[in-house]
Amino acid sequence: MKLLQWCKANAMPVIAVLAAAVTAVFVPPDADYLGYYDVKTLSCLLCVLAVVGALRGIGLFPLLAQKLVQAFHTTRGAVTALVSITLAGSMLLTNDTALLTFLPLSWFVLESTGQTKWTALTFILQNCAANLGGMLTPFGNPQNLYLFNYYNIPNGEFLSIMLPPFLLSTVLILLCCLFLPRESLTVPRQETLPDKRRTVIYGMLFCVAVAMVLRGIPYWLGLPVIAAALLVLDRRALLDVDWGLLVTFAAFFTFSGNMARIEPVRQLFRQLLTHGVMPVAALTSQVISNVPAAILLSRFTDDYQGLLVGVNIGGAGTLVASLASLITFREYTKHVKGQTGRFMGLFSAISFGFLAILLAAMTLWMQAGQLLGSTAQ
């Protein structure tokens, strides 16, 4: 019984390991397995998660968020601020960490002001903000970090690729916030201040982690520096890292590497990708989630622009399209009982609506870009 409960609580890494094990039956372990794993991506992800965990542990993020929320005095203003904070936070903290940080804060604000009836809409909009806002930076969404390193995409080019879908997503999210009422409310204050010395040190470590991602510092140098500093200052931050996410990444590296060596699979995906990398990536994400979709499809295409956009907007749609969405669902069911059906109905309407609009808009955008490129030649 306890094993079943553990498997339910860690569904994604369990599924990833099982998927890797199944493919290992068809491709027995050999020396080529060592080439599957992107050590830099795993190192950068570990460092970002650990440092952000240390910053969250000293209470910095809730304090900053509440300071912003206190500037607003209506339900619409407070929720819009919370959604905006989640969107901005996802660019720096990774989307799942932003949700783990700001969803509990949103519940605290809504519950303490008697506005819990808006929990489902608030959480869903925060989920959209985390998934779609995180697309703008290489370390915002986990699949970005992998593709950024796998294709060695220049910083400026990455930004130019992701800016159009990011701007459209932001507009859609803010428009949805207008459906909230302008009821007056009072937001409670948090007076506990974080330790200044630790805040400065962790801020510097975060800069090191970002520099690792952006190739300013070698990962083999930044990793031991951050690990050693946190071992001395905050071992809990290392212990509380989302190791399940790292295991999921490692397992999907194995899964995708093996799948790429199975000839019928190679032929299938090559044929599918001839219909367009972006829509195939977005639709594949609906079934196996966008992180494994990115890892798997990268083995079959050099069109990193279409793949980047596809797996990022593919985070919208089904509940399993993004690991972050599962976090949102878990947090909602933890606080609100007996309204799962209502949540799923609203989640599906908003998330699939976002997916349809973004897919249509980005298809037109890319077609226009190709047309202009061919005209210029």
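It should be noted that the structure appears before, not after, this text.
As the structure is a prediction and not an experimental result, all values here were calculated from the model. Residue numbers run consecutively from 1 along every chain, following the written order of its sequence. In keeping with the predicted nature of the model, local features appear solely for residues at pLDDT of at least 70, side-chain atom pairs appear and are counted solely at 80 or more, and the whole-chain, interface and lining totals rest on all residues. Water and hydrogen atoms play no part in the side-chain values, which are based on all heavy atoms of the structure.

Draft legend 1. Spotlight on the overall build of the protein. Only DSSP runs of H or I covering at least 4 residues are called helices, and only runs of E covering at least 2 are called strands; the numbering of each starts at the N terminus. Each helix and strand in the protein was counted, giving 19 helices and 0 strands. Computed over C-alpha atoms, the radius of gyration of the protein comes to 21 Å, within 12% of the 21 Å expected from 2.2 N^0.38 for 377 residues, which places it in the range of a compact globule. Overall size of the protein, expressed as C-alpha extent along the three principal axes, is 60 × 55 × 50 Å. Each residue gets one of three labels from its accessible area relative to the maximum for its type: buried under 20%, exposed over 50%, partly exposed in between, using a 1.4 Å probe on protein chains only. The proportion of buried residues among the 377 residues of the protein is 54%. Contact criterion: two residues are considered in contact whenever any of their non-hydrogen atoms come within 4.5 Å of each other. Taking the contacts inside the protein whose residues are at least 6 apart along the sequence as the reference set, 81% of them involve residues at least 24 apart. The globule rule used here is 2.2 Å times the number of residues to the 0.38 power, and the radius of gyration it is set against is calculated over C-alpha atoms.

Draft legend 2. A nonpolar patch on the surface, seen in detail. On the surface, a cluster of nonpolar side chains totalling about 340 Å² of accessible area is made up of Val22, Val25 and Phe26. Relative to the helices and strands, valine 22 resides in helix H2 (residues 11-26). Residues with no salt bridge and a relative accessible area higher than 30% make up the patches, which join like charges within 9 Å and nonpolar side chains (Val, Leu, Ile, Met, Phe, Trp, Tyr) within 5 Å. Here, Shrake-Rupley sampling with a 1.4 Å probe gives the accessible areas, and only protein chains in the shown set may cover a residue. A side-chain nitrogen of Lys or Arg and a carboxyl oxygen of Asp or Glu constitute a salt bridge if their distance falls within 4 Å.

Draft legend 3. Structural view of the side chain of threonine 137. As for its position among the elements, threonine 137 is in the loop between helix H7 (119-133) and helix H8 (142-150). Given a relative accessible area of 13%, threonine 137 falls into the buried group. Nitrogen and oxygen atoms within 3.5 Å of one another constitute a polar contact, given that in protein one can donate a hydrogen and the other can accept it, and given that sequence-neighbouring residues count only through two side-chain atoms. Reaching out from threonine 137, the side chain makes a polar contact with the backbone oxygen of methionine 91 at a distance of 2.6 Å. The contacts of threonine 137, once residues within four sequence positions are left out, are Met91, Asn144 and Phe158.

Draft legend 4. Geometry of the pattern of salt bridges. Per the stated rule, a full pass over the model turns up 6 salt bridges. Arginine 261 is the salt-bridge partner of aspartate 30, the closest N and O atoms lying 2.7 Å from each other. Residue aspartate 30 is found in the loop between H2 and helix H3 (39-57), and its partner arginine 261 is found in the loop between helix H13 (243-259) and helix H14 (263-273); the two are separated by 231 residues along the sequence. Among the charged side chains, a salt-bridge network with shared partners connects Asp30, Asp32 and Arg261.

Draft legend 5. Structural view of the side chain of threonine 75. Following the sequence through the fold, threonine 75 ends up in helix H5 (residues 75-93). On the accessibility criterion, threonine 75 (1% relative accessible area) is buried. For threonine 75, the residues in contact, after removing those within four places along its chain, are Gln115, Trp118, Leu180, Pro181, Glu183 and Leu185.

Draft legend 6. Representation of helix H10 (residues 196-213). To estimate the expected span of a helix, subtract one from its residue number and multiply by 1.5 Å. The end-to-end C-alpha separation of H10 is 26 Å, in line with the 26 Å expected for 18 residues at 1.5 Å each. Buried residues of H10: Tyr202, Leu205, Phe206, Val208, Ala209, Val210, Ala211, Met212 and Val213, and no others. At its buried positions, H10 is contacted by H3, H5, H8 and helix H11 (219-233). Two or three places before arginine 197, at the opening of H10, aspartate 195 has a side-chain oxygen 3.1 Å from that residue's backbone nitrogen. With its phi angle positive at about 70°, arginine 215 sits one or two positions after the end of H10.

Draft legend 7. Just helix H6 (residues 95-112), in detail. Its 18 residues place the ends of H6 25 Å apart at the C-alpha level, agreeing with the 26 Å of an ideal helix rising 1.5 Å per residue. At phenylalanine 102, H6 shows its largest kink, close to 25°, and the proline proline 104 lies no more than four residues downstream. Within H6, 13 of the 18 residues are buried, which leaves it mostly tucked inside the rest of the structure. Looking one or two places after H6, you find glycine 114, whose phi comes out positive at around 70°. To get the bend at a given residue, fit one axis to the seven residues ending there, fit another to the seven starting there, and take the angle between those axes.

Draft legend 8. The environment of alanine 260, seen in detail. Looking at the element boundaries, alanine 260 is found in the loop between H13 and H14. Taking the C-alpha atoms as reference points, alanine 260 and phenylalanine 300, separated by 40 residues in sequence, lie 7.7 Å from one another. Apart from residues no more than four positions distant in its own chain, alanine 260 is found in contact with Arg266, Arg299 and Phe300.

Draft legend 9. Geometry of the environment of leucine 319. Positionally, leucine 319 belongs in the loop between helix H17 (304-313) and helix H18 (323-335). By relative accessible area, leucine 319 is classed as buried at 16%. Taking the C-alpha atoms as reference points, leucine 319 and leucine 159, 160 residues apart in sequence, are found 27 Å from one another. When residues no more than four places from it in sequence are discounted, the contact partners of leucine 319 are Ser325, Leu326, Phe329, Met344 and Phe347.

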